[in-house]
Amino acid sequence: MKGAKKMKWKAPKNELISILKNMTFPKSVLLIVASGQINFTSSDNTVMTKSHVEAIIDEVGSACVSATVLYDILTKLRGDYVTFETKEQTLLVKGLKTTVSIALLDMVNFPYQITEPDNWLFTIQSSDLKKAIKKTNHAIQSEKVPDTLKGLQIQASGNELIFIGTDKKQFAMFKLELPSEEHFEAIIPKEHLKWLENILGSGEVSFALQDNFGVFATSTHVLYTRTLNGPYPSLLKMLALKPVCKITLDSDVLINSVELATVTADKTTTKGTKLVYLSTKEDGLTIVARNELGSTNDYIEAATEGDEVKVVYDSSHLIHAVKAAAMSKAELGFVGADSPLIISGDEGTYVISAIKSREVF
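An account of the accompanying structure is given in this report. No experiment lies behind these values; they were computed from the predicted model shown.

One non-glycine residue, Asn212, lies in the positive phi region at around 65°. Mapping Asn212 onto the fold places it in the loop between strand S13 (204-210) and strand S14 (213-217). Phi at Ala326 is positive, roughly 55°, even though this residue is not glycine. Mapped onto the elements, Ala326 comes out in the loop between helix H7 (315-325) and strand S22 (329-334).

Pasting the structure below:
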């Protein structure tokens, strides 16, 4: 095919599978270049991944094939080593006793050729980035929200690295310290976070911004993901709200109570939202939910400070936030009736919006 150059090389099958597993996504195209080592580049027009493997190269060259097809073949091919050779308009993939041919694709139309950044904005432990995604991902929605909200915002302000996810009904924030002062903002699409998580191993990960791409680099892969452009809601303004009532209670007890209430939570007139009604008392919290099949009324004793408040929330938002806070004792800050709830934890801060209801409870 156009742009291809004849090549022949051999490499361990398991190493190839390990590398390509994190480079194969729906409709991805794989560019293979044999020159000193085997360089791989995969892309689907919105995200791109680069990696390489050491190999025995008999003839340098290049080829372009379907990444998903090649990966499927490698996972089923027998033998410890695989030989690759271009012939006419195909790539021959040879295992122990098997030869499979794959149609070559047009290299000229390969989506991107982006160079690796010269400077990185930060380098952190991969485990910290995994945690940041885990703590904020639940608040990011990919449907029925503006495009800019379909991603994770990463921002640096001085020595603080802040990760924020929101759909305007729930907010999640996770912070890390930076060794140096940085100032930038970027929004990484939610759909690409899973590919980012796939390349995160046990070492470090570096980040940079280049040509409207967010670039993440580990010891084995470099991931380029298109960033989303536009305004992102400020969680800091919501955190500036002063709670009129604060409650501290056992997280497991609270989650169990809300999950129980969800069984009888009304969703017939709320577009699928399951409503739970919370009432703060002098020495505890009442949780109520009802639908046509029954009702739940639970009371949890807790340390309470401030005014009595009645407010309605989406049960799933409340459960996700309390679980993400990862504290044995949940710290709830009620801003007021029909107002947000602020949940503070050792591992992040979370805000969920209230749902207006005329029902008396």
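Next, the rest of the story.
With that settled, consider the side chain of Glu182. Within the fold, Glu182 resides in strand S12 (residues 170-189). Lys175 provides the closest opposite charge to the buried, salt-bridge-free Glu182, at an N-O distance of 18 Å. Side-chain polar atoms of Glu182 contact the side chain of Ser180, separated by 3.5 Å.

Moving on, we come to the side chain of Thr218. With respect to the element layout, Thr218 can be found in the loop between S14 and strand S15 (222-226). Classification of Thr218 by relative accessible area gives buried; the value is 16%. With residues near it in sequence (within four places) discarded, Thr218 still touches Ile199, Leu200, Glu204 and Val205.

On to helix H2 (residues 67-76). Taken residue by residue, H2 has Ala67, Leu70, Tyr71, Ile73 and Leu74 as its buried positions. Down the axis of H2, the sector holding all buried residues measures 160°, keeping them to one side. In this structure, the buried side of H2 is in contact with helix H1 (13-21), strand S2 (29-35), strand S6 (61-66), strand S7 (81-87), strand S8 (90-94) and strand S9 (99-103).

A few words now on the packing of helix H3 (residues 126-136) against helix H4 (residues 190-199). Two numbers describe how H3 lies on H4: the axes approach to 10 Å, and their chain directions differ by 155°. Viewed along their axes, H3 and H4 adopt a mutual orientation that is roughly antiparallel. Note on packing geometry: the crossing formed by H3 with H4 is left-handed. Contacts between H3 and H4 involve Leu129, Lys130 and Ile133 from the former and Leu193, Leu196 and Glu197 from the latter. Taken together, the residues of the contact of H3 with H4 break down into 4 nonpolar, no polar and 2 charged.

A separate point is the packing of aromatic side chains. The final tally for this structure, using the stated rule, is 7 aromatic pairs. Ring geometry for Phe25 against Trp195: centres 5.0 Å apart, planes inclined by 55°, an arrangement best described as tilted. Note that Phe25 is positioned in the loop between H1 and S2 and Trp195 in helix H4, a separation of 170 residues in sequence. Overall, the relative accessible area of 12% leaves Trp195 in the buried class. Here Phe122 and Phe184 contribute two aromatic rings whose centre-to-centre distance is 6.2 Å and whose plane-to-plane angle is 15°, an arrangement assigned as stacked. You can see Phe122 sitting in strand S10 (residues 122-125) and its partner Phe184 sitting in strand S12, a full 62 residues away along the chain. Phe184 shares its class with Phe122; the two are buried. Among the aromatic side chains, those forming a connected cluster through ring pairs are Phe122, Phe184, Phe207 and Phe216.

Quick look at the layout of surface pockets now. Approximately 220 Å³ is the volume attributed to the second largest pocket. Of all the secondary-structure elements, those providing two or more residues to the lining of the second largest pocket are S2, strand S3 (37-43) and strand S4 (47-53). Tallied by class, residues from the lining of the second largest pocket come to 4 nonpolar, 7 polar and 2 charged.

Okay, the environment of Lys8 next. Locating Lys8 in the fold gives a position in strand S1 (residues 8-12). Residues Lys8 and Leu92, 84 residues apart in the sequence, show an inter-C-alpha distance of 9.3 Å. If we ignore the near neighbours within four places in the chain, the residues touching Lys8 are Ile56, Ile57, Asp58, Glu59, Thr83, Phe84 and Glu85.

Our focus in this paragraph is the nonpolar core. Counting 33 residues, the largest nonpolar core has Leu254 and Phe334 as the members making the most contacts within it. Looking at this core, the element that brings in the most residues is H7, giving 6 residues. Not counting the four nearest positions on each side in its chain, Phe334 is found in contact with Pro243, Val244, Cys245, Ile247, Leu278, Thr280, Leu285, Val309, Val311, Tyr313, Pro340 and Leu341.

This part takes up the sheet that holds strand S18 (residues 284-291). Pairing within the open sheet is antiparallel, and its 4 strands lie in the order S19-S18-S17-S21. The open sheet has two edge strands with one neighbour each: strand S19 (294-301) and strand S21 (310-314). Across the sheet, the mean angle separating the axes of adjacent strands is 20° when strand polarity is ignored. Strand contacts of H7: strand S17 (275-281) and S21, with the helix running at about 85° to S21, the strand carrying the most contacts.

Turning our eyes to something else, we now look at the packing of helix H6 (residues 251-263) against H7. Packed helices, taken two at a time, are described by the angle their axes make and the gap between the axes. At a minimum axis separation of 10 Å, H6 and H7 run at an interaxial angle of 160°. Of the possible angle classes, the one that applies to H6 and H7 is roughly antiparallel. H7 is crossed by H6, and the crossing has left-handed handedness. The segment H6 lies against H7, with Ser251, Leu254, Ile255, Val258, Glu259 and Thr262 engaging Ser315, Leu318, Ile319, Val322 and Lys323.

About the thresholds
Residues numbered from 1 in each chain as written. Predicted model: local features only at pLDDT ≥ 70, side-chain atom pairs only at ≥ 80, totals over all residues. Heavy atoms only, no water. Helix = DSSP H or I, 4+ residues; strand = E, 2+ residues; numbered from the N terminus. Buried < 20%, exposed > 50% of the residue type's maximum accessible area, 1.4 Å probe, protein only. Lys, Arg positive; Asp, Glu negative; His and termini not counted. Salt bridge = Lys/Arg side-chain N within 4 Å of Asp/Glu carboxyl O. Polar contact = N/O pair within 3.5 Å; in protein donor to acceptor, adjacent residues only side chain to side chain. Contact = heavy atoms within 4.5 Å. Arc of directions from axis to C-beta. Axes fitted to C-alpha atoms, helices over the stretch in contact; angles between N-to-C directions. Parallel < 35°, antiparallel > 145°, perpendicular 65-115°, else oblique. Left-handed = near helix turned anticlockwise from the far one by under 90°. Nonpolar A, V, L, I, M, F, W, Y, C, P; charged D, E, K, R; others polar. Phe/Tyr/Trp six-rings, centres within 6.5 Å; stacked < 30°, edge-to-face > 60°. 1 Å grid on protein atoms, 1.4 Å probe; cavity = no way out; pocket = protein on both sides within 12 Å on 5 of 7 lines; lining within 4 Å. Points joined across faces, edges and corners; volume = space filled by probe spheres on them. Core = buried A, V, L, I, M, F, W, Y, C linked by side-chain atoms within 4.5 Å. Pairing = 2+ DSSP bridges.

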